[in-house]
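# Architecture at a glance
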Amino acid sequence: MTPGPGPDRPVDVADSSVGELMSNVMKDLSTLVRQEMELAKAEVKAEAGKAAKGAGMLGGAGFAGYMVVLFLSLALWQGLANVMDAGWAALIVAVVWVIAGAVLYATGRREVRRINPKPERTVETLQQVPDALKGGRP
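Residues numbered from 1 in each chain as written. Predicted model: local features only at pLDDT ≥ 70, side-chain atom pairs only at ≥ 80, totals over all residues. Heavy atoms only, no water.

Attention now moves to the UniProt feature "transmembrane region" (unreviewed entry) in the chain. As recorded in UniProt, the feature "transmembrane region" (unreviewed entry) lies at residues 55–80 and 86–106. For residues 86–106, the helix share is 100%, the strand share is 0%, and the end-to-end C-alpha distance is 31 Å. (UniProt positions renumbered as here; feature names shortened; annotations may be inferred. Helix = DSSP H or I, 4+ residues; strand = E, 2+ residues; numbered from the N terminus.)

Next comes the structure, spelled out in structure tokens:
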């Protein structure tokens, strides 16, 4: 029993009609396009998961920041108001939370910027399609 056609063994097309050859090419091309679309979907889904995680972290940081600002600001303001004017105490508390908010924002922004929306592997394999259609090897 001889092995069938494969990447290292050429296919004998001497007895095939042009219609059969075109049918095989179209079938193979259709399969290739379908597989590339599935790969692109998988890559985009993975990146969307990263984006959702980063957005969830930003949302959680925002809510936590709000709660911290609400309760600790009141406590700190009252504590400082015992040693200085209440207006100055409120201003000091506000400046502290502006700094905390800026740190949270910068951290979340860095996470969101790490997202890569381009399906790298799909682009790489699609660049090999023209050579494959010409009969070249990748």
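Tallying each qualifying case throughout the model produces three salt bridges. Among the ionic pairs, E38 bridges to K41, the shortest N-O distance being 3.6 Å. Here E38 pairs with K41, and both are found in helix α1 (residues 18–81), just three residues apart, close to one helical turn. The class for E38 is partly exposed, based on a relative accessible area of 47%. What makes K41 exposed here is its relative accessible area of 52%. One salt bridge in this structure joins E111 and R114, with 3.2 Å as the shortest N-O distance. On the basis of relative accessible area, E111 is assigned to the partly exposed category, the value being 28%. Residue classification places R114 among the exposed positions, given a relative accessible area of 60%. (Salt bridge = Lys/Arg side-chain N within 4 Å of Asp/Glu carboxyl O. Buried < 20%, exposed > 50% of the residue type's maximum accessible area, 1.4 Å probe, protein only.)

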